[in-house]
Amino acid sequence: MPIEVEDLRFSYGAADALGGVSLCIGDGERVAIVGATGSGKTTLVQHFNALLKPQRGRVVVDGIDIGARKADLREVRRRVGLVFQFPEYQLFEETVEADIAFGPKNFGMEPRVEEAMAMVGLPTALASRSPFSLSGGQMRRVAIAGVLATRPRHLVLDEPTAGLDPEGREELLARLLDLERTTIILVTHRMEEAARMDRVLVMASGGLVADERPRTLFAEEGRLARWALRAPDPVRLMHLLGLAGSVLTVDEAVDQVLARV
Amino acid sequence: MFKAAVIGQYIAGDSPIHRLDARTKILILLAYVIALFLAWTWAGQAALVAFAVGCLLCARLPVRSVIRGLRPILWLVAITLVLNALMTPGPVAYRILGFITISRPGIDFGLQMAVRLLLLFMASSLLTLTTPPVELTDGMESVLNPFRRLGVPAHDIAMMMTIALRFIPTLMTETERIMRAQAARGADFEHGSLGQRMRAMVPLLVPLFVSAFRRADELATAMEARAYRGGEGRTRWRQRHLGAADAMAGAAMLALVAVLVVVR
Ligand SMILES: Nc1ncnc2c1ncn2[C@@H]1O[C@H](COP(=O)(O)OP(=O)(O)OP(=O)(O)O)[C@@H](O)[C@H]1O
Ligand SMILES: [Mg+2]
């Protein structure tokens, strides 16, 4: 069942952080949310898992209206896994294994720690180590595994690859996109990552200003600049070469250029 | 939800009290607190209350936030009152259920202690409400400076206070962030027995301490990188001078002391 947002408004006190956002994300969709710093991405996705309640409007997750008085928020949180920005700061257990098992235990599920570790590419040898003895990138993977271990139907990731090395970033994202039957909502500042999703939502000053396939979105550079965004490098290269065509990735760009030569 | 917990946080303003030098305010507060515990007559307490209320009015603070700030200690005041009334021996004034006795001196003493606590709290929050933290710690340092010969590390104390104050909001934001992150993993901080709720704090406190230590470590490195080596030979960016207002405030405090001596 989908995640539906209707005219959602939210403010932290001063100006509106979200000023009337409506959208619908279907089961199993791969969606990127992009937008300048402070445009409301984090605020929006925290509603998906009922950490914030709508001040106005509605958020319905798999048929559960999270604003309703008797809404089962636990159920919402079990269905929607949310990986925070810099999730490595939420680790607290003595071993990696215990930390990953924290979520499943809270939800009364059987913790399948090894499976979760495999999903993020962590060697099982690390299971008995203290999470605080790991590198930053490994800690990040442990934290993500801790959310994956609850087997959410919808997975929301707030900049999961920020601060990782290029190869690790690629590998982690590929693993996440491999998850089957899971909705993936990826908040990111990297347009190459957004380009790999089926759909890109653009946020600007608390509003949803575009909701398109990446190919369509990145084709028009003028609009992107207005939202403080930039098309991925291969797309910009093709524009600079004057080769108007719809490419997204380096491989596609190479094909197009070679076809011209 | 944590925002309300900050008691006595500076409220910007331009009242005569705001403009006083921090050193003046600290010394007056010190004198006031000493007077508070030396004055034993009702007339003396009335004078102390009048002085505090006068300062409060002068400071032109939003009354509501001052009252809200007093709320957390009301329990303490109530307990003090009750305990003193029950425990102080003397002629029995009231009898409840036959065996609980309340003595007249007990009531008197309890009330005096309650007033004292309220005044103590109000006076000290008046200082922090009207003085920016940086000025407060600078003032602290100058007031403690004469005691350096006795081995009081004036500069270090002031620096520690500055840093602690600086990090309160940061730690609060951090707490909220970690709480949300754990709630997303199904942690429940609001339901369950007392024991369960205490156990639920572990996933909050461990990351909080880890990040506090990390921050402290980073700060220490950053300070060392800028060649910080304590207060020796350090000069001030902002030089403060005592003025006529400070003299007047001091005179007011002396007048209060005079009144207290007279009504003794
Ligand atoms: N806890 C908070 N208290 C007050 N204001 C907040 C809080 N969190 C966010 N805001 C404000 O709400 C607005 C939206 O913030 P949000 O964190 O959703 O942005 P974002 O798009 O996730 O930005 P970034 O890309 O930097 O993560 C910003 O203007 C921010 O200053
Ligand atoms: Mg964000």
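Shown above is the structure to which this text applies.
Residues numbered from 1 in each chain as written. Chains lettered and ligands numbered in written order. Predicted model: local features only at pLDDT ≥ 70, side-chain atom pairs only at ≥ 80, totals over all residues. Heavy atoms only, no water.

As a volume, the largest pocket reaches approximately 870 Å³. Ranked by the residues each element gives to the lining of the largest pocket, the list is headed by helix α6 (residues 133–144) of chain B, at seven residues. Here the residues of the lining of the largest pocket sort into eight nonpolar, ten polar and twelve charged. Residue assignment places the lining of the largest pocket across two domains, with domain 1 (1–131 + 240–264) and domain 2 (154–233) of chain B each supplying three or more. Here the second largest pocket is characterised by a volume of approximately 680 Å³. Surrounding the second largest pocket, 21 residues form its lining, Ala50(A), Leu73(A), Arg77(A), Ala183(B) and Glu190(B) being those nearest its centre. Listing elements by their share of the lining of the second largest pocket, those giving two or more residues are α2 (73–79) of chain A together with α7 (154–184) of chain B. Top contributing element to the lining of the second largest pocket by residue count: α7(B), with four residues. A breakdown of the residues in the lining of the second largest pocket according to their chemical character gives eleven nonpolar, two polar and eight charged. (1 Å grid on protein atoms, 1.4 Å probe; cavity = no way out; pocket = protein on both sides within 12 Å on 5 of 7 lines; lining within 4 Å. Points joined across faces, edges and corners; volume = space filled by probe spheres on them. Helix = DSSP H or I, 4+ residues; strand = E, 2+ residues; numbered from the N terminus. Nonpolar A, V, L, I, M, F, W, Y, C, P; charged D, E, K, R; others polar. Domains from an automatic or database assignment.)

Listed per partner, the contact involves 22 residues of chain A and 17 residues of chain B. Buried area between chain A and chain B, both sides added, is near 1700 Å², and the carbon and sulfur share of it is 59%. A per-residue breakdown of the area chain A buries against chain B is headed by Tyr89(A), Gln90(A) and Phe92(A), which together make up 34% of the total. Taken together, the links from chain A to chain B amount to one salt bridge. The salt bridge partner of Asp99(A) is Arg185(B), with a shortest N-O separation of 3.0 Å. (Contact = heavy atoms within 4.5 Å. Buried area = accessible area lost by both parts, 1.4 Å probe. Salt bridge = Lys/Arg side-chain N within 4 Å of Asp/Glu carboxyl O.)

All names here are of chain A. Taken together, 13 residues lie around ligand 1, and Gly 38, Lys 41, Thr 42, Thr 43 and His 189 are the ones closest in. The side chain of Thr 42 places a nitrogen or oxygen atom 2.6 Å from an oxygen atom of ligand 1. Broken down by element, the shell around ligand 1 gets its largest block of residues, three residues, from helix α1 (residues 41–48). Tallied by class, the residues present in the shell around ligand 1 amount to three nonpolar, eight polar and two charged. (Near = heavy atom within 4 Å. Polar contact = N/O pair within 3.5 Å; in protein donor to acceptor, adjacent residues only side chain to side chain.)

With that settled, consider the sheet that holds strand β8 (residues 183–187) of chain A. Residue and element names in this part refer to chain A. The sheet built from six strands is open, its strands ordered β6-β7-β8-β3-β9-β10 with mixed pairing. Where the open sheet ends on each side, the last strands, each with one partner, are β6 (80–83) and β10 (207–212). Between one strand axis and the next, the sheet turns through 15° on average, direction left out of account. Across four bridges, the pairing between strand β3 (residues 30–35) and β8 is parallel. Bridge assignment links Val 31 to a residue of β8, and that residue is Ile 185. (Pairing = 2+ DSSP bridges. Axes fitted to C-alpha atoms, helices over the stretch in contact; angles between N-to-C directions.)

Next up on the list: a nonpolar patch on the surface. All names here are of chain B. A surface patch of nonpolar side chains, amounting to about 910 Å² of accessible area, comprises Trp 42, Trp 75, Ile 79, Leu 81, Val 82, Leu 83, Leu 86, Met 87 and Leu 111. For the nonpolar patch, the element with the highest residue contribution is helix α4 (residues 63–87), accounting for seven residues. According to the relative accessible area criterion, Trp 75 is exposed, its value standing at 67%. (Patch = residues over 30% accessible without salt bridge, like charges linked within 9 Å, V, L, I, M, F, W, Y side chains within 5 Å. Areas by Shrake-Rupley, 256 points an atom, 1.4 Å probe, with all protein chains shown as cover. Buried < 20%, exposed > 50% of the residue type's maximum accessible area, 1.4 Å probe, protein only.)

In total, this model carries one cavity of 30 Å³ or more according to the counting rule given. Considering only enclosed or pocket space, the largest cavity measures out at about 50 Å³ in volume. Every residue along the wall of the largest cavity is listed here: Phe84(A), Gln85(A), Phe86(A), Pro87(A), Tyr89(A), Gln90(A), Arg177(B), Ile178(B) and Ala181(B). Across the lining of the largest cavity, the residue classes break down as six nonpolar, two polar and one charged.

Another point: the sheet that holds strand β1 (residues 3–11) of chain A. Residues and elements named next belong to chain A. Pairing in this open sheet of four strands is antiparallel, and the strands run β2-β1-β4-β5 from one edge to the other. Sheet topology places β2 (16–25) and β5 (64–65) at the edges, where each strand pairs with a single neighbour. The sheet contact formed by β1 and β2 spans seven bridges and is antiparallel. Considered in β2, the bridge of Leu 8 is made with Val 21. Against the sheet, α1 makes contact with β1, β2 and β4 (56–61), and its axis sits at roughly 55° relative to β2, the strand it touches most.

Glancing now at helix α5 (residues 104–130) of chain B. Taking 1.5 Å per residue, 27 residues should reach 39 Å; α5(B) reaches 39 Å between its end C-alpha atoms and fits that length. Between the side-chain oxygen of the N-cap and the backbone nitrogen of Gly106(B) there are 3.0 Å, and the N-cap of α5(B) in question is Ser103(B). (Expected span 1.5 Å × (residues − 1).)

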